[in-house]
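Single-letter residue listing:
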Number of protein chains: 2
Amino acid sequence: QTYRMDWDRWLLMGLIGIVVGTLGFLIHQIIDYLIKLKWELVENYIQFFCPTGAPSGLPEVIGFLNGASIQHIFNIKTFGGTFVSCVLAVASGLFCGPEGPMIHLGAIIGYGLSQFKSEILGIHLPSFTRFWNSADKRNFITAGAGAGIASVFHAPVGGLLFTLEEVASFWDIKLAWQTFFCCMMAAFTTDLLSSSLCGFVYRGQFGFFKAEKRILFWVKNLLDMSVLAFVPAIFLGILGGLLGALFVFLNIKINKLRMWFFSTILKTSLRKTSKLLESVLVLVLTITATVYLPYFFHCTPVKILPMFDLTSKSKNISQVKWQISEYNCPPATLQIGPNLVKNSNQTFNEAAALLAENGMRGIMYLFRRGTHEEFGYASLFTALVFYFLLSCLTAGSAVASGLVIPMLYIGALYGRIVGLILVSILGIRTDEYGAWIDPGLFAAVGAASFFSGVSRLTISLTVIMVEITNDVQSLLLIMLAVMLAKMVGDWFNMSLYSSLLKLKCIPYLDAEPFVCHRKNWLNLELFAASDVMKPNVKVLHLKENIAFLAQLLANTSHSAFPVVYKSKPDQAEVFLGTITRLELCVLLENEAIFETESVEDSRSPPTILSYQKIRAEKLLDQQWMTMLLGCYSTDPRYQRLFINLEPYVNKSAVSVQAHFSLQRTYIIFRSLGLRHLTVVNFHNQVVGIITRKDLMSFQLEEKLGFQQTSQQPHSDEESLN
Amino acid sequence: QTYRMDWDRWLLMGLIGIVVGTLGFLIHQIIDYLIKLKWELVENYIQFFCPTGAPSGLPEVIGFLNGASIQHIFNIKTFGGTFVSCVLAVASGLFCGPEGPMIHLGAIIGYGLSQFKSEILGIHLPSFTRFWNSADKRNFITAGAGAGIASVFHAPVGGLLFTLEEVASFWDIKLAWQTFFCCMMAAFTTDLLSSSLCGFVYRGQFGFFKAEKRILFWVKNLLDMSVLAFVPAIFLGILGGLLGALFVFLNIKINKLRMWFFSTILKTSLRKTSKLLESVLVLVLTITATVYLPYFFHCTPVKILPMFDLTSKSKNISQVKWQISEYNCPPATLQIGPNLVKNSNQTFNEAAALLAENGMRGIMYLFRRGTHEEFGYASLFTALVFYFLLSCLTAGSAVASGLVIPMLYIGALYGRIVGLILVSILGIRTDEYGAWIDPGLFAAVGAASFFSGVSRLTISLTVIMVEITNDVQSLLLIMLAVMLAKMVGDWFNMSLYSSLLKLKCIPYLDAEPFVCHRKNWLNLELFAASDVMKPNVKVLHLKENIAFLAQLLANTSHSAFPVVYKSKPDQAEVFLGTITRLELCVLLENEAIFETESVEDSRSPPTILSYQKIRAEKLLDQQWMTMLLGCYSTDPRYQRLFINLEPYVNKSAVSVQAHFSLQRTYIIFRSLGLRHLTVVNFHNQVVGIITRKDLMSFQLEEKLGFQQTSQQPHSDEESLN
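Residues numbered from 1 in each chain as written. Chains lettered and ligands numbered in written order. Predicted model: local features only at pLDDT ≥ 70, side-chain atom pairs only at ≥ 80, totals over all residues. Heavy atoms only, no water.

### A short note on the overall build of chain A
For the record, the criterion: By definition, any uninterrupted DSSP run of H or I lasting at least four residues is a helix, any uninterrupted run of E lasting at least two residues is a strand, and each is numbered from the N terminus. Exposed residues in this analysis have more than 50% of their type's maximum accessible area, buried residues have under 20%, and partly exposed residues fall in between, with area computed by a 1.4 Å probe over protein chains only. By definition in these notes, contact holds between two residues if any of their heavy atoms fall within 4.5 Å. Accessibility throughout is a Shrake-Rupley quantity obtained with a 1.4 Å probe, and a residue counts as covered only by protein chains that appear here.
A count of helices and strands for chain A gives 26 helices and 22 strands. Within chain A, the fraction of its 721 residues that count as buried is 60%. For chain A, the proportion of contacts with a sequence separation of at least 24, taken over those separated by at least 6, is 76%. Of the roughly 29300 Å² of accessible surface on chain A, 62% is carried by carbon and sulfur atoms.

Structure, rendered in structure tokens:
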């Protein structure tokens, strides 16, 4: 009960972490391997064979964590599809990264390990049965999603905070510690496994963690910076917000168009084929652009400022060859000039470096300090436009794609452009007081701002930026840019994930409801719970007729029912608790507990199902249930049979009174993570019910807007009488 | 209403950040200045003149954030006292740091700016009146406390997460963003102001942020590390937990002894004097130890491994002189040896470096990489024992002292000892694969583990460690050590702050109640809300007699009363809402709203006080109120006067039913941040009330333990009938 005895929970958290970590390792290894393979076979367009799996499940995971109940996102088939699709999509050179799918995969693992049973594989082990309830399920899925980020970015704290920002409604410090542990294990496992392998080739000492590899975009030269650096950071923040909002807008438009287009295709097989074709089309477009565009660019000599290679004086020149894509440029020759300074006439193709390699590498180039004019305006702008449009297109297609790397990349591109403008104005300065005018610094700030503008994450993003760059010095700049980007973006629309959730009709409750009626923001304090509730609720009695129950379940789709109770025959029926549809179904499956009406004086103690048994997560067989319900409702035998619901009712179900302020009701609903809330009157009689859908912004707008036009807003006086 | 219109809230958050940042800057400058002054006057024991102020208010702030209502911790007098006391204590060389008081000062500023009025100064401006309610008050205090940490550690994200970990019960993403902004402003202001000044002397370019100064304990050499490094990290984590628990235990014992001792002194003036004397005694002890102990140590030559000073080849030798305390050692001479390598015969006193300088400097020495044998076992052990005991003693005395720096220091000391043992076994290795065997690395891990062992913070501590060292590479080691330290420590006792709060009888609700009866953990699911509630509640009616109200307020000390309501004369009275004592007092002060019984048919619309007016935070004059209540209860005129409470009742007050499970009740109480919770029966009639104090662990133990011995645990059957 207490966490001192919670060893199995911790064990499971550790396990989830390890498995997610391993998975993250596998994904990267396979991608590395495939990329290597790809460039050997690029002419053959091997990517045509890439199958399409499920699209990125990140919005669904976020919706689930918010409390919405979504089916079929956590099963082994989705897992396999996402894994294969993601690996192939990233390796094939599409403008996407492995992060979104990785979060989804982590969530699936969290679900799978804790609920260890899979209908598709038919596995059904009785381990960890005590976690088979929705609260624990959500906790493990949360931890798994966090571990996904921890693994892919080597950012354990960032992963933890991501879950915090997205799951904030049921935040609980105990869950935080367990997620902390899970993320740590995931990051550790990935680090340990990747310590020696690269593309499945053994390349180093096992168990030796190199900072170089662990910190994704390690910034080695922390810059002392002037307070003036905040001016471009403010600009980048605002730009990030604007571009982010534009990105969300375009992405939603494209997705709507796509949904409309596919809905016009009626045949399922044809629809699937056309989805596949779309992905292939995007892929062909991408590959063509990345392969042919760089031919329009000249080769640029490699320049590195002397003050920026303190550590690796001699190795430097030979390393550059590996660091920058040569593409169509002649190989370098080495000259040793006066003063023993080695000069190289190495050249590289800017556009090829930005476009043809994968996003991770591109970000690394852009973040690098002391490379002021490595990339010119032309290549940066070209890459920006192409990346922006193509990742917008890719994001909604049928391949599992993550948007994190593309977002960071786009941000880094315009950040670097801003930095380059500064350099053009102020010149390259290598002295102590001017060193902050470095496009690499502003690339990092820009990356954070665009990510924030699209995803509207703040705290976790800031921590992730520190964890992937190891640069605490520019933290304040990043915080500022992130904050401004979020505020500016929120002015225009919701975050990408919220918008996608809305598009998919998943009831996601924001931290605070913004209800707008005729361009006025409504004050929810002025409305009452009764204004949004659904009246005329179907209530159940403690002793309920089987046929009635069966009919009720067959004819409605409500997922929970209030149960009422009458202490004396002459009194009114008062609210006692709730019972869910699932529990009712399980009860109806067990004929042993049915009673006849006459056995009021208990002849034999009635059979009671155990708690464990009725807390099923899912109906095993939907069709059989439908048949059973039909049988119960028609067979006259069941007209005389009853079920005693009393032992199964959730008596700690929260209720609010009808006159409660809507604001308060929303907060109670969200912070207790409810799915239904019964509304009662002064005498504790059920008058209505509120579900998640009733509290969605657009629903509130409709209901409250109608109220406002038809009558005065509720005053307290009215609600009393 | 929505945050788009919340510009004043953001403005205020920014203001709080700026003021706290300025304050943090001032504290550091004054301390630096005084330390400089002090060493010039050390023989005169100038510290004798140091006044004693309030002790560190951190536990109180934490209790307040948890939801307890604590008086007199947020006023200008406390502010001044804490500021002076903290500055003098740290500068005088006591074993304490400025962080705890800084958090308290930040909280006071958050309170003061938002509630801008001070009874003591008599200021009472009507600005920001819309924030004069307890929810906003708490939000601003939270932000201020976070800004305190952000300012003192230059750790904005750490400050934010600290408030999260301590205030997790009412966490809200909107508050998080605002705190994020406030912390950013605080860190920025401190950075900006300290950029040019040191000890109030102008020393550099204003507005130029040097990484060297911003990152407190900047680790420049990230170490590639072997997986073997996790073994000493696990050991350090366990050790941190054990020593942390011991520290808490000792500190509480000493505080109990101290409280008992001072309670035996009856005269107030004498008690104050003896408190002062105690501080002076501790101070003398500290100064004597720090000044004379180092005489027992020899001078050690300065050694620095060649591979670790890549950046500052030439400056190095001359800088060392400033970096390491010379104390009684002869000044260095410079020799230029073969290969142009400069050698110095500089020596320093290990114990003086560790003891006689302030903690901040000591931590910097201990964290430094590549200084494997700079400090020997003797000096480290001596410093460890002295610091451990003296900071334990100082922590509870009458001076405002922070424990953060001492905790980090103690941890760094034993971490370095462990590192030194490793070095002794494995030898000094400078090759790539052995570089991780560095006492500096383990000092950082040890510091985190001890801090966690004492404070039981995890997430915020990890982030703070990254922000003060800029070392993401050792993040996993630190996470592991922190986690283990917390788990081991929790095995023995509560965190220092929780223990202090318990000692001070402040009702602090833990994330989860651990209720132990006869060495068995009780399962709160088996108990009901009715088991802990206080029955026989004094309820008020909508129309209440003045004399009755006055008597009720005079004779009880309850801070809120349920209000009941009867719709028809023949029906039972049902629960409508609550009204607080403060609101009642304000109502009673306004005779204009009193009514006679007969005016049922409203001749004139009754006067109603505005919402703004009755939401007073505090009674202006307690004595006058007592007099007024006395007058009302005795004067027969008021027997016939009534007050209509209806417009003033909080009708959105949450209630639970008596049969609710205790576990669920606790969660509702804590996550909605309640102070009282009315318990009703099936017919919504008031049967009891639950306050924070009723949910404290020891209260639960008493009540539930008694229940368990006297009867069977409540089953659901019983609670129904």
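### Here we look at the pairing of strand β17 (residues 574–580) of chain B
Residue and element names in this part refer to chain B. Stated formally: A pair of strands is labelled paired if DSSP reports no fewer than 2 bridges between them.
Of all seven residues that make up β17, six are buried, and the element is covered over most of its length. Pairing between strand β16 (residues 560–565) and β17: six bridges, direction antiparallel. Within the sheet, the bridge partner assigned to tyrosine 565 lies in β17 and is valine 574.

### Some points on the relation of the copies chain B and chain A
Just so we agree on the cut-off: Each copy is superposed on the other by least squares, with the fit set by C-alpha atoms of residues at a pLDDT of at least 70 in both.
The two copies are related by a screw motion: chain B maps onto chain A through a turn of 180 degrees and a shift of 0.1 Å along the axis, at an RMSD of 0.1 Å. Such a combination of turn and shift is consistent with a two-fold rotation axis. The overlap is high: 100% of the interface residues of chain B also sit at the interface in chain A, so the same surface is used on both sides.

### Structural notes on helix α4 (residues 99–114) of chain B
Worth spelling out the cut-off: How far a helix is expected to stretch is found by multiplying one less than its residue total by 1.5 Å.
Along its 16 residues, α4(B) runs 22 Å from first to last C-alpha, staying within 8% of the 22 Å computed at 1.5 Å per residue. Burial of α4(B) is extensive: 15 of the 16 residues sit out of reach of the surface.

### Concerning the interface of chain B and chain A
Frequently, the measure chosen for interface size is the accessible area removed from exposure when the parts meet. Our working rule: Reported buried area values correspond to the accessible surface (1.4 Å probe) lost by two parts on association, with both partners' losses combined. Counted as salt bridges are all cases of a side-chain nitrogen of Lys or Arg within 4 Å of a carboxyl oxygen of Asp or Glu. A 3.5 Å cut-off defines polar contacts: any pair of N or O atoms within that distance qualifies, except that in protein one atom must be a possible hydrogen donor and the other a possible acceptor, and neighbouring residues in sequence count only when both atoms are side-chain atoms.
At the junction of the two partners, chain B supplies 97 residues and chain A supplies 97 residues. Taking both sides of the interface into account, the surface hidden between chain B and chain A amounts to around 9600 Å²; carbon and sulfur atoms contribute 67%. For the pair chain B and chain A, the number of links is zero salt bridges. Put simply, chain B and chain A have nine residue pairs in polar contact (both at pLDDT 80 or more) between them.

### Let's talk about the sheet that holds β17(B)
Residues and elements named next belong to chain B. Operational definition: Inter-axis angles, ranging from 0 to 180 degrees, are taken between N-to-C directions of lines fitted to C-alpha atoms, where helices are fitted over the stretch in contact.
If you walk across this open sheet you meet the three strands as β14-β16-β17, and the pairing is mixed. Since the sheet does not close on itself, it has two edges, and those belong to β14 (540–541) and β17, each with one partner. Bridge analysis of β14 against β16 gives two bridges, and the strand direction is parallel. When the sheet's bridge partners are listed, leucine 540 is paired in β16 with valine 563. The strands that helix α21 (residues 581–589) touches are β14, β16 and β17; relative to β17, the one it contacts most, it runs at about 75 degrees.

### Quick look at the packing of aromatic side chains
Under the convention used in this document: Each aromatic pair joins two rings of Phe, Tyr and Trp (for Trp, the six-membered one) with centres within 6.5 Å, and gets the label stacked for planes under 30 degrees apart, edge-to-face for over 60, and tilted for any other angle.
Across all of its chains, the model carries 22 aromatic pairs over all chains by this definition. On the basis of an interplanar angle of 75 degrees and a centroid distance of 6.4 Å, the ring pair of A:Trp436 and A:Phe442 is categorised as edge-to-face. Judged on exposure class, the residue A:Trp436 and its partner A:Phe442 are both buried. Both rings, one in B:Phe247 and one in B:Phe450, keep their centres 5.8 Å apart while their planes meet at 85 degrees; by these two values the pair is edge-to-face. Taken together, the residues span a long stretch of sequence, with B:Phe247 in helix α9 (residues 230–264) and B:Phe450 in helix α16 (residues 439–455) at a distance of 203 residues. The exposure class assigned to B:Phe247 is buried, which follows from its relative accessible area of 0%. The structure contains a cluster of three or more aromatic residues connected by ring pairs, namely A:Phe247, A:Phe388, A:Tyr414 and A:Phe450.

### Overview of the sheet that holds strand β17 (residues 574–580) of chain A
Residues and elements named next belong to chain A. Across the sheet, three strands lie side by side as β14-β16-β17; this open sheet has mixed pairing. With one partner strand each, in any of the chains shown, β14 (540–541) and β17 form the two edges of the open sheet. Where helix α21 (residues 581–589) meets the sheet, its contacts fall on β14, β16 (560–565) and β17, and the angle it forms with β17 comes to roughly 75 degrees.

### Observations concerning the pattern of salt bridges
For the structure shown, the criterion picks out eight salt bridges over all chains. The closest approach of N and O atoms between B:Asp694 and B:Lys534, which form a salt bridge, is 3.2 Å. With B:Asp694 in the loop between β22 (686–691) and α25 (697–710) and B:Lys534 in strand β13 (residues 534–535), this residue pair connects regions lying 160 residues apart in the sequence. It is possible to trace a salt-bridge network through shared partners that takes in A:Arg456, A:Lys486 and A:Asp490.

### Description of the side chain of A:Ser151
Residues and elements named next belong to chain A. Position of serine 151 relative to the elements: it lies in helix α5 (residues 134–153). Residue class for serine 151 comes out buried when judged on its relative accessible area of 1%. Setting aside anything within four residues of it in sequence, one finds serine 151 in contact with Val20, Gly21, Gly24, Met102, Ala186 and Thr190.

### Some points on empty space enclosed by the protein
Heads up, the rule is: As defined here, a cavity is a set of points on a 1 Å grid over the protein atoms alone where a 1.4 Å probe fits but cannot get out. A pocket is an open set with protein on both sides within 12 Å along at least five of seven lines, and residues line them when an atom is within 4 Å of a point. Grid points are joined across faces, edges and corners, and a volume is the space filled by probe spheres set on the points. Side-chain classes follow a simple rule in which Ala, Val, Leu, Ile, Met, Phe, Trp, Tyr, Cys and Pro form the nonpolar group, Asp, Glu, Lys and Arg form the charged group, and the remainder, Gly included, forms the polar group.
Per the stated rule, a full pass over the model turns up 12 cavities of 30 Å³ or more. Of the volumes computed, that of the largest cavity is approximately 170 Å³. Mapped by element, the contributors of at least two residues to the lining of the largest cavity are β20 (655–657) of chain A together with β20 (655–657) of chain B. For the lining of the largest cavity, a count of residues per class yields 12 nonpolar, seven polar and no charged.

### Overview of the confidence of the model for chain A
Residue and element names in this part refer to chain A. Convention followed: The quantity called pLDDT is the predictor's confidence in a given residue, expressed from 0 to 100.
Considering every residue of chain A, the mean pLDDT works out to 75; 75% of them sit at 70 or more. Looking across chain A, the model is least confident in helix α26 (residues 716–720), with a mean pLDDT of 40, and most confident in helix α16 (residues 439–455), with 91. Within the model, the stretch residues 305–324 combines pLDDT values under 50 with 33 contacts to residues more than four positions away or in other chains. Segment residues 712–721: pLDDT under 50, and 14 contacts once partners within four positions in sequence are set aside and those in other chains are kept.

### Looking at the pairing of strand β22 (residues 686–691) of chain A
Residues and elements named next belong to chain A. Buried residues dominate β22, accounting for five of its six residues. When strand β13 (residues 534–535) meets β22, the two strands line up antiparallel, connected through two bridges. Among the inter-strand pairings, lysine 534 is bridged to a residue of β22, identified as isoleucine 689. The loop that links strand β21 (residues 676–680) with its antiparallel partner β22 comprises five residues; one of these, asparagine 684, has a positive phi angle of about 65 degrees.

### What about helix α23 (residues 622–634) of chain B?
All names here are of chain B. So the rule is basically this: The arc refers to the directions leading from the helix axis to the C-beta atoms.
For α23, which comprises 13 residues, the first-to-last C-alpha distance of 19 Å matches the rise-based estimate of 18 Å (1.5 Å per residue) to within 8%. For α23, the complete set of buried residues consists of Met625, Leu628, Leu629, Tyr632 and Ser633. The buried residues of α23 occupy one face: seen down the axis, they fall within an arc of 125 degrees. Set apart from the buried face of α23 by more than 90 degrees, the exposed residues are Gln623, Thr626, Met627 and Thr634. Contact partners of the buried residues in α23: α20 (546–555) and α21.

### Quick word on a nonpolar patch on the surface
Residue and element names in this part refer to chain A. The test is simple: Like charges within 9 Å and nonpolar side chains (Val, Leu, Ile, Met, Phe, Trp, Tyr) within 5 Å are joined into patches, using only residues over 30% in relative accessible area that form no salt bridge.
Together, Ile234, Ile238, Leu242, Trp491 and Phe492 line one region of the surface with nonpolar side chains, adding up to about 510 Å² of accessible area. Going through the elements one at a time, α9 (230–264) and α18 (475–492) are the ones with two or more residues in the nonpolar patch. No other element matches the three residues that α9 contributes to the nonpolar patch. Relative to the elements of secondary structure, leucine 242 occurs in helix α9.

### What about unusual backbone geometry?
Residues and elements named next belong to chain B. Phi at histidine 154 takes a positive value of approximately 55 degrees, unusual for a residue other than glycine. Structurally, histidine 154 is set in the loop between α5 (134–153) and α6 (156–167). On the basis of relative accessible area, histidine 154 is assigned to the buried category, the value being 9%.

### Concerning the side chain of A:Glu165
Here A:Glu165 shows up in helix α6 (residues 156–167). Of the polar contacts made by the side chain of A:Glu165, one reaches the side chain of A:Ser460; its length is 2.7 Å. Those residues within four positions of A:Glu165 in sequence are excluded, and the remaining contacts are A:Leu457, A:Thr458, A:Ile459, A:Ser460, A:Leu461, B:Ile173 and B:Trp177.

### Describing the packing of α9(B) against helix α18 (residues 475–492) of chain B
Residue and element names in this part refer to chain B. Rules: Handedness of a crossing follows from how the near helix is turned relative to the far one, being left-handed for an anticlockwise turn of less than a right angle and right-handed for a clockwise one.
Following both chains from N to C, one finds α9 and α18 inclined at 35 degrees, their axes separated by 7 Å at the closest point. Between α9 and α18 lies a crossing of right-handed hand. Side by side, α9 and α18 meet where Phe230, Ala233, Ile234, Gly237, Ile238, Gly240, Gly241, Leu242 and Ala245 of the first sit next to Leu476, Leu477, Leu480, Ala481, Leu484, Ala485, Val488, Gly489 and Phe492 of the second. Across the contact of α9 with α18, the residue classes tally to 14 nonpolar, four polar and no charged.

### A look at the packing of helix α14 (residues 377–395) of chain B against helix α15 (residues 404–426) of chain B
All names here are of chain B. Put simply, the test is: With respect to orientation, any angle under 35 degrees is reported as roughly parallel, any angle over 145 as roughly antiparallel, any angle of 65 to 115 as roughly perpendicular, and every other angle as oblique.
Where α14 meets α15, the closest approach of the two axes is 9 Å, and the angle between their N-to-C directions is 155 degrees. What the angle tells us is that α14 and α15 run roughly antiparallel. Along this stretch, α14 crosses α15, giving a crossing that reads as left-handed. In contact with Tyr377, Leu380, Phe381, Ala383, Leu384, Tyr387, Phe388 and Ser391 of α14, α15 contributes Pro406, Tyr409, Ile410, Leu413, Tyr414, Arg416, Ile417, Leu420, Ile421 and Ser424.

### Digging into the environment of A:Pro562
All names here are of chain A. As for its placement among the helices and strands, proline 562 is situated in strand β16. Between the alpha carbons of proline 562 and leucine 677 there is a distance of 9.3 Å; along the sequence they are 115 residues apart. Once residues within four sequence positions are removed from consideration, proline 562 is found in contact with Val537, Lys538, Val539, Leu540, Phe575, Gly577, Thr578, Thr678, Val686 and Ile689.

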